[in-house]
Amino acid sequence: MRESMARGRDSLPIDFRAEPERSPRIQSDRGRSQRAVGIPRPQRWDRPFDPEMTERDVDLVMDTPVFQKMDPKEFPRNLPLQGILLNDARIRHYEHGEVIVQAGDFGGSFFQVMAGRVRSLRVEAGGRAPRKGARTKRSVFSAIGQLWRNSPVPERRNIEDYPVLAGPWAMAEEEGPRERLEDVGAILASQQTDLLTEDDMFGETEALTRQPYNRTYFAEGRAVVLELRWQGLRDIRRCNKGFRARIDSLYQSRDLRMHLQESPLFRHLDDEVLDHIARNTLFETHGEFEWAHGFKRLASESPQEVVKAEPVIAEYGDYLDGLILIRSGFGRITEQEAGGLRTAGFLTRNETFGLPEIIDHWRRDAPLNHRFGLHAVGYVDLLRVPTVLVERFVLPGLPEEALAAATRDDPTRHLSAFADRREATVDPTLIDFLVNTRTMNGTAVMAINTDRCTACDDCVRACAAAHDNNPRFLRHGPEHENIMIANACLHCVDAVCLIGCPTGAIHRDPGSGNVLIDDTTCIGCATCANSCPYNNIRMVEIRDDDGSPIVDQTGGNPIVKATKCDLCIDQLGGPACQRACPHDALVRLDLRDRDSLWRWASQ
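About the cut-offs
Residues numbered from 1 in each chain as written. Predicted model: local features only at pLDDT ≥ 70, side-chain atom pairs only at ≥ 80, totals over all residues. Heavy atoms only, no water. Helix = DSSP H or I, 4+ residues; strand = E, 2+ residues; numbered from the N terminus. Buried < 20%, exposed > 50% of the residue type's maximum accessible area, 1.4 Å probe, protein only. Contact = heavy atoms within 4.5 Å. Areas by Shrake-Rupley, 256 points an atom, 1.4 Å probe, with all protein chains shown as cover. Pairing = 2+ DSSP bridges. Axes fitted to C-alpha atoms, helices over the stretch in contact; angles between N-to-C directions. Phe/Tyr/Trp six-rings, centres within 6.5 Å; stacked < 30°, edge-to-face > 60°. Lys NZ or Arg CZ within 6 Å of the ring centre and 35° of its normal. Salt bridge = Lys/Arg side-chain N within 4 Å of Asp/Glu carboxyl O. Core = buried A, V, L, I, M, F, W, Y, C linked by side-chain atoms within 4.5 Å.

(A) A look at the overall build of the protein. For the protein, the count of helices and strands is 21 helices and 23 strands. Within the span of the protein, comprising 603 residues, buried residues form 56% of the whole. Put simply, 78% of the contacts in the protein that link residues at least 6 apart link residues at least 24 apart. Put simply, the protein shows about 26,900 Å² of open surface, and 49% of that area lies on carbon and sulfur atoms.

(B) Representation of the sheet that holds strand S16 (residues 479–480). An order of S16-S17-S15-S23 is seen for the four strands of this open sheet, with the pairing classed as antiparallel. Bordering the open sheet on either side are S16 and strand S23 (586–589), each of which pairs with just one other strand. Helix H21 (residues 594–601) rests against strand S15 (445–449), strand S17 (483–485) and S23 of the sheet, and its axis sits at about 165° to S23.

(C) Local environment of the packing of aromatic side chains. Applying the stated rule across the entire model yields seven aromatic pairs. Taken together, a centroid distance of 6.0 Å and an interplanar angle of 90° make the contact between Phe110 and Phe243 edge-to-face. Separated by 133 residues along the polypeptide, Phe110 in strand S5 (residues 109–122) and Phe243 in helix H10 (residues 241–262) bring together distant segments of the chain. The exposure classification of Phe110 matches that of Phe243, with both residues buried. Here Arg90 stacks its cationic end above the ring of Phe49, 4.3 Å away from the centre of that ring.

(D) Structural detail: the pattern of salt bridges. This model, assessed by the stated rule, comprises 34 salt bridges. For the salt bridge of Asp552 with Arg41, the shortest nitrogen-to-oxygen distance reads 3.2 Å. Taken together, the positions of Asp552 in strand S21 (residues 550–552) and Arg41 in the loop between strand S2 (33–39) and helix H2 (55–62) put the pair 511 residues apart, joining distant regions of the chain. By relative accessible area, Arg41 is classed as partly exposed at 25%. Note that Asp360 is salt-bridged to Arg364, the shortest N-O span being 2.4 Å. You can see Asp360 and its partner Arg364 sitting in helix H14 (residues 355–364), four residues apart, about one turn around the helix. Relative accessible area serves as the criterion here: at 9%, Asp360 is assigned to the buried category. On the basis of relative accessibility, which here comes to 56%, the residue Arg364 falls in the exposed class. Beyond isolated ion pairs, a larger network of salt bridges with shared partners links Arg44, Asp88, Arg229, Arg234, Asp235 and Arg238.

(E) The nonpolar core, seen in detail. Counting residues in hydrophobic clusters, the biggest one holds 100 residues, and the most contacted among them are Phe67, Leu85, Ile236, Phe243, Leu260, Phe266 and Ile277. Top contributing element to this core by residue count: H10, with six residues. Beyond its immediate sequence surroundings of up to four residues, Phe266 is in contact with Leu260, Leu274, Ile277, Leu323, Leu325, Val385 and Val394. Core analysis: the second largest hydrophobic core is formed by 14 residues, Tyr94, Ile100, Ala219 and Ala223 among them.

(F) Just the pairing of strand S11 (residues 322–337), in detail. The element S11 is extensively covered by neighbouring structure, given that 13 of its 16 residues are classed as buried. When S11 meets strand S14 (residues 373–386), the two strands line up antiparallel, connected through 12 bridges. Looking at S14, one finds that Leu323 is bridged to Val385. Bridging between S11 and strand S13 (residues 352–353) involves two bridges; their strand directions are antiparallel. Its bridge partner being in S13, Leu325 is matched across the sheet by Thr352. Judged from the seven bridges that link them, S11 and strand S12 (residues 340–347) form a sheet pairing that is antiparallel. The residue of S12 that forms the bridge with Glu335 is Arg342.

Structural data, given as structure tokens:
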């Protein structure tokens, strides 16, 4: 029964213990005769979220109020509700003080309290403890030894590692020691927490937006919690209207207040005022949640046409009815000039739009109109705080230096003066390039100074040496003057490649947030590669140690896997490409830190 639900399909059952089959010789694409190795084609749920989840556990979940309301007939035959719960969910038991998720972690899961009490604790920026159990680096000896162990066979894989041969039970991850808050009583007495009890949910915002958790959740007493990974949340939300409405309502209402609390602009306000502002603030969504395909369609259009196609959030000259606070995504600031619109800057999480105009109106009764326009770049969630409330509650409590920084005559004054970041001189053409290519989405952009680069390819060879002789980037890409953004994974803030993956093979590393691919659970569907706006994920045909192609034992078609830059996450010293460049021409940049980009670009 478990296997039938685990497969969720009507095809013939797979023998998990089957030995790989050596097929008769086949013709390779180069016309040479080769012997292929046949294995069952990887499928979703070959590796369940928790191999110890049982059908009895599924029945327990189905008895909770949330799932009792669902009609299993609403789910397609190849994606049954019970199958989703069996393979994409797990039930966790926590003792008093044990941490369920920690603020800052990238988890991608949604939670429902099944029994007991859970507390959520807001953690101030910088107050997050280092996460235990983060990925370990190779030792020096292991890194040196790797140079001799690299295979001459391209894209070699050990097929014994794949769940279709090893079996799902052997692939179970072992959970490390849980973190525990030592003095829960003191925390409850001294810090503001929110109580969640049976049937309450949390984590929906982070799972939907692919962002780190903004709160720490821990058990008060013993608690039982259902954890549903992103793929299951996505499918249940898609198939059940009631569940979708509840999740979306939580996402909009609860997150609104939490995000106001997170913004430095509102931190000096007490709870009563903050609640009043939250009740009167609008939550807005602009653009497409899965924006990559629309972006690719616009790739051949002129920059002016790209700007015209973007949803307008605010127009130049419009009455300014509220302060705009970006919650997730990116906004393009536009300025009127002869012949059309010019990009004056871009905004991302926690940055504001309209603040200088409101301050000028509050102080000098200046006209309350937008001096710039704002467009949605891809997908944007934002809060619109009524101007009258900003003037009445927010501005009077801000320090004078912050008000002065927000209103001084500077091209970057749209950037938040409350983001703890020094503003810098901006090259408008570079901004235009970054926004039009949407590479400002990257946290590890590979930027190459083409004036310094001699095309020696040391970066490519270093990358190959770190990845079993398989380079994970292409040394070409869009260029602006002497800056090239190479075709290497950007490890995006808004990683749309994660959205459609049916198995969760492409995921964020919980500790670093880097976007990684688990080769053993990748089923080669290419959803991530097709979703990547920058074409930085490649599908490769794999081979065994002898160089024999690995194929589907049923149809003989090649087994393919998604590959990309992993930022050398297990290598000492960080990305090998950057360390290998003899001319300091290549650097990995987090474009959220725009000062670093300006400094590097001006060198």
